[in-house]
Amino acid sequence: MSLDSAEASPSSSRDWFFPSPSFIHSTSNSPQSPNYPRKFSTIPRHSRSSHTDWKPPKTSTFRSVSSYGSAAYGDPKYGRVRRRIELRRREKMAKQEKEDPVLEQKRDVSKAVSGVKTAIGEMGIRDFGQRVKIRWQMASYIAILITAFGSFVHKNFSLHNQVIDLQDQISTMNIRLQACNTSDTFDTISILQEGNHANSEGMGPRLVSVSISFGGMLIFAMMLGLVSDAISEKLDSLRKGRSEVVEQNHTLILGWSDKLGSLLNQLVIANESLGGGIVVVMAERDKEEMELDIAKMEFDFRGTSVICRSGSPLILADLKKVSVSKARAIVVLADDGNADQSDARALRTVLSLTGVKEGLRGHIVVELSDLDNEVLVKLVGGELVETVVAHDVIGRLMIQCARQPGLAQIWEDILGFENCEFYIKRWPQLDGMQFEDVLISFPDAIPCGVKVASRGGKIILNPEDSYVLQEGDEVLVIAEDDDTYAPGALPMVNGASFMHIARPARKPQKILLCGWRRDVDDMIVVLDAFLAPGSELWMFNEVVESERERKLIDGGLDLSRLVNITLVHREGNAVIRRHLESLPLESFDSAKRLPYREAMVTRGQRGSFSRGSWIGEMQQASDRSVIISEILDPRTKNLLSMSKISDYVLSNELVSMALAMVAEDRQINDVLEELFAEEGNELHIRLAELYLHEGEEMSFYEIILRARQKREIVIGYRLENAERAVINPPNKNERRRWSVKDVFVVITEKV
């Protein structure tokens, strides 16, 4: 029975006990009253029946928070407040239920952070080989933790926003409750303060969330540092040229020398018709220095990419780094300095290349400094190796140019890729045709020989006219490019009338050789084979005469076997005037300077010196003699227009051209070796009077057929007033009038 329905009156107040509000409040919260809120009814049953005249009071004498379920406290005036308080309590309980798993997750995060710190501490004592693996594992763990932290922080902020909304609602209810009744203020505030206590307890989660945020930032910074460190190491590796080359079918150059610029230029020109190519350079130099030096080279790369790598060709790991097994050609440059040491290093490089497990797709072109070491390198490299002996090539070129002025420019045109060069290709439509007809079957090329399939691919230069091409044979031609020529129908050529062509008889010559070089003994042997009997070779250098014979013998020269030349020794310096005055300069057929650098004697205007003066005698000697100079720097040739140099040999550039040509097609090396050798065929310059009469009108095809009477192949000509020769001229069937002062370039047998 509730207090609101009890019967009471003032007259019977002694029969009733009404507890005070404070007593009710304490009773309702005591352990003995679990069914809170509790209803109090202390009216005796017998009193109700005895007091029949009692009437309920108009207002209740007290209110208690414990009587939420009573009808009196269920007044609509307080119903809304009661419902809101109940709602707040339920939301608080739900909040506590949600916070429990969040706190548990935070503990797990703390444990994970502790594990990360432990892993970071252990990482410092491991070797460098495990750092990268640990870093990426740490990065994975950190990424997972950051994802978890993001989820936790999101939940934290969501709960934080809910708490703020609850605080706003509680404050609104507090204001409304204060306006209801002053007697109920204390109880209501005590209830609302429970929510404020919750707010005070919410500072902990806030601190945790802030700590997690800062921890996440620190961990993210650590991960960013690890990634930045890895990227820096990778960039440093790329900058120093330690990364692997992924190219294939590229040209690989091993080593660095002053010939590299000319070699790159020739390879660039050769790749132009293909739209560019890839050239990889590996040397024991810093990658940035190599790239800077290559960038200073004065030529257009024309679509070719040059990649530099730092490494040693003697280390297999470095060779693998430049994809040596996938290169179509490998060029080994000789080192500047001692010839024997350079060739020994080249031999070790060949050994390293032959030891590549994957095998080599391309061939190896080795530049050697001494001809005596060629046999050993070929023995080690086998069929993979092609050798180019730089000193031997230059020595032979200088000898040929001394005997035939103008030949250096022709060799420069043939060896370089800028003009016409040698190509070998098979043409099935020519099978069964004689070589005489093959000669006039190419409008844009000049056949020079045949690669005979039946003789193991041997190249025969200047074969007989009656040779018939067989199946599998290939034709060697001189053409502008490998895709610019093809055989056509036989042209209508007038039969060249027979003309007696007498080879000029060789006459004894007097040659002055200025300077000394390591392979001078080989040059003497070549000169003895080329010159006529009774010739003289004057050797003018600073080597003491008593030591010259010993040096020549140590070089392999047998003086007793010289049959055509006689050695005359003079000691002196070619740049000192008083030394040159002791020589009979006007009596020499040719004078050679070895090598010619930037130093030279400037000459005055013709006629400004008396005929009896020394400079006048030098001018007369230069007018009667052929002066051939060897220059190392191609830029020096621009200065030669100021001198009376008849011809010059660009030693480094010509060797680079030969290396590039053999790198593009190794078969050409056999052709060059024969043209430079003492026996076989050679390039020669012939006077036009040997093939035609003055003013005779003939086509170039007719001149070719007339030269075949002496088994010579005409490959070009130089007109009387022209500065350069024309190799593989166009319009070969066009007739023109020739002069006996013109000259023709031919391939002929050595006599």
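The name an unreviewed UniProt entry gives the protein is RCK N-terminal domain-containing protein, with Gossypium mustelinum as the organism. As recorded by UniProt, the Sequence similarities (unreviewed entry) comment attached to the protein reads in full: "Belongs to the castor/pollux (TC 1.A.1.23) family." Recorded in UniProt for the protein, the comment headed Subcellular location (unreviewed entry) runs: "Nucleus membrane".

(A) Structural context of the overall build of the protein. Broken down by element type, the protein carries 21 helices and 22 strands. The burial tally for the protein puts 45% of its 751 residues in the buried class. The contacts of the protein with a sequence gap of at least 6 include a subset with a gap of at least 24, amounting to 77%. Surface summary for the protein: the accessible area is close to 38,900 Å², and the carbon and sulfur share equals 52%.

(B) Region of the structure containing the side chain of His363. Checked against the element boundaries, His363 lands in strand β5 (residues 363-368). Side-chain polar atoms of His363 contact the backbone oxygen of Ala663, separated by 3.4 Å. Discounting chain neighbours no more than four positions away, the residues touching His363 are Arg328, Ala329, Ile330, Leu384, Val662, Ala663 and Arg666.

(C) Representation of the sheet that holds strand β1 (residues 251-254) in the model. With parallel pairing, six strands are arranged side by side in an open sheet as β3-β2-β1-β4-β5-β6. Edge strands, defined here as strands with exactly one partner in the open sheet, are β3 (305-310) and β6 (385-389). Each adjacent strand pair in this sheet contributes to an overall mean axis angle of 20°, direction not counted. Relative to β6, helix α11 (residues 374-381) is tilted by about 165°, and along the sheet it contacts β5 and β6.

(D) Here's a closer look at the environment of Ser454. Along the chain, Ser454 falls in the loop between β8 (446-452) and β9 (458-461). Spatially, the C-alpha atoms of Ser454 and Gln470 are 8.4 Å apart, while their sequence positions differ by 16 residues.

(E) Local environment of the nonpolar core. By size, the foremost hydrophobic cluster in this structure holds 102 residues, and its most contacted members are Ile253, Ile715 and Phe744. For this core, the element with the most residues is helix α19 (residues 651-664), which contributes nine residues. Each of domain 1 (245-383) and domain 2 (395-500 + 653-749) gives at least three residues to this core. Discounting chain neighbours no more than four positions away, the residues touching Phe744 are His684, Ile685, Arg686, Ala688, Tyr691, Leu692, Ile703, Val714, Gly716, Tyr717 and Trp738.

(F) Layout of the pattern of salt bridges. On inspection of all chains with the given rule, the structure shows 27 salt bridges. Residue Glu272 is joined to Arg302 by a salt bridge in which the shortest nitrogen-to-oxygen separation is 2.9 Å. Here the residue Glu272 occupies a position in helix α7 (residues 260-272), and Arg302 occupies one in the loop between α8 (287-295) and β3, the gap between them amounting to 30 residues. Look at Arg302 and you get partly exposed, because its relative accessible area is 32%. Through salt bridges with shared partners, one network takes in Glu284, Asp335 and Arg345.

(G) Representation of the packing of helix α12 (residues 390-403) against α19 in the model. With their axes 10 Å apart at the nearest point, α12 and α19 run at an angle of 115° to one another. In this structure, the crossing between α12 and α19 has a hand that is right-handed. On α19, the residues touching Ala390, Ile394 and Leu397 of α12 are Ser651, Leu654 and Val655. Residue classes in the contact of α12 with α19 are distributed as five nonpolar, one polar and no charged.

(H) Here's a closer look at the environment of Glu480. Among the secondary structure elements, Glu480 is positioned in the loop between β10 (474-479) and β11 (510-514). For Glu480, a relative accessible area of 52% corresponds to the exposed category. For the pair formed by Glu480 and Phe417, sequence separation is 63 residues and the distance between their alpha carbons is 8.1 Å. Not counting chain neighbours up to four residues away, the residues in contact with Glu480 comprise Asn419, Cys420, Glu421, Tyr423 and Asn728.

(I) Examining the sheet that holds strand β20 (residues 726-727) more closely. Ordered in space as β17-β22-β19-β20, the four strands form an open sheet in which the pairing is antiparallel. If you trace the sheet from one side to the other, it starts and ends with β17 (681-687) and β20, each paired once. Bridging between β17 and strand β22 (residues 743-749) involves seven bridges; their strand directions are antiparallel. The residue bridging Asn681 from the neighbouring strand is Glu749, located in β22.

(J) Summary view of the pairing of strand β4 (residues 329-332). Burial along β4 is two-sided: Ala329 and Val331 and Ile330 and Val332, pointing in opposite directions, are all buried. Sheet topology note: the β1/β4 ladder contains four bridges and is parallel. In the strand pairing of β4, Leu254 is matched with Val332. Between the parallel elements β4 and β5, the chain passes through helix α10 (residues 339-354) in a crossover that is right-handed.

Thresholds, definitions, all that
- Residues numbered from 1 in each chain as written.
- Predicted model: local features only at pLDDT ≥ 70, side-chain atom pairs only at ≥ 80, totals over all residues.
- Heavy atoms only, no water.
- UniProt positions renumbered as here; feature names shortened; annotations may be inferred.
- Helix = DSSP H or I, 4+ residues; strand = E, 2+ residues; numbered from the N terminus.
- Buried < 20%, exposed > 50% of the residue type's maximum accessible area, 1.4 Å probe, protein only.
- Contact = heavy atoms within 4.5 Å.
- Areas by Shrake-Rupley, 256 points an atom, 1.4 Å probe, with all protein chains shown as cover.
- Polar contact = N/O pair within 3.5 Å; in protein donor to acceptor, adjacent residues only side chain to side chain.
- Pairing = 2+ DSSP bridges.
- Axes fitted to C-alpha atoms, helices over the stretch in contact; angles between N-to-C directions.
- Core = buried A, V, L, I, M, F, W, Y, C linked by side-chain atoms within 4.5 Å.
- Domains from an automatic or database assignment.
- Salt bridge = Lys/Arg side-chain N within 4 Å of Asp/Glu carboxyl O.
- Left-handed = near helix turned anticlockwise from the far one by under 90°.
- Nonpolar A, V, L, I, M, F, W, Y, C, P; charged D, E, K, R; others polar.
- Right-handed = clockwise from strand over helix to strand, strands pointing away.

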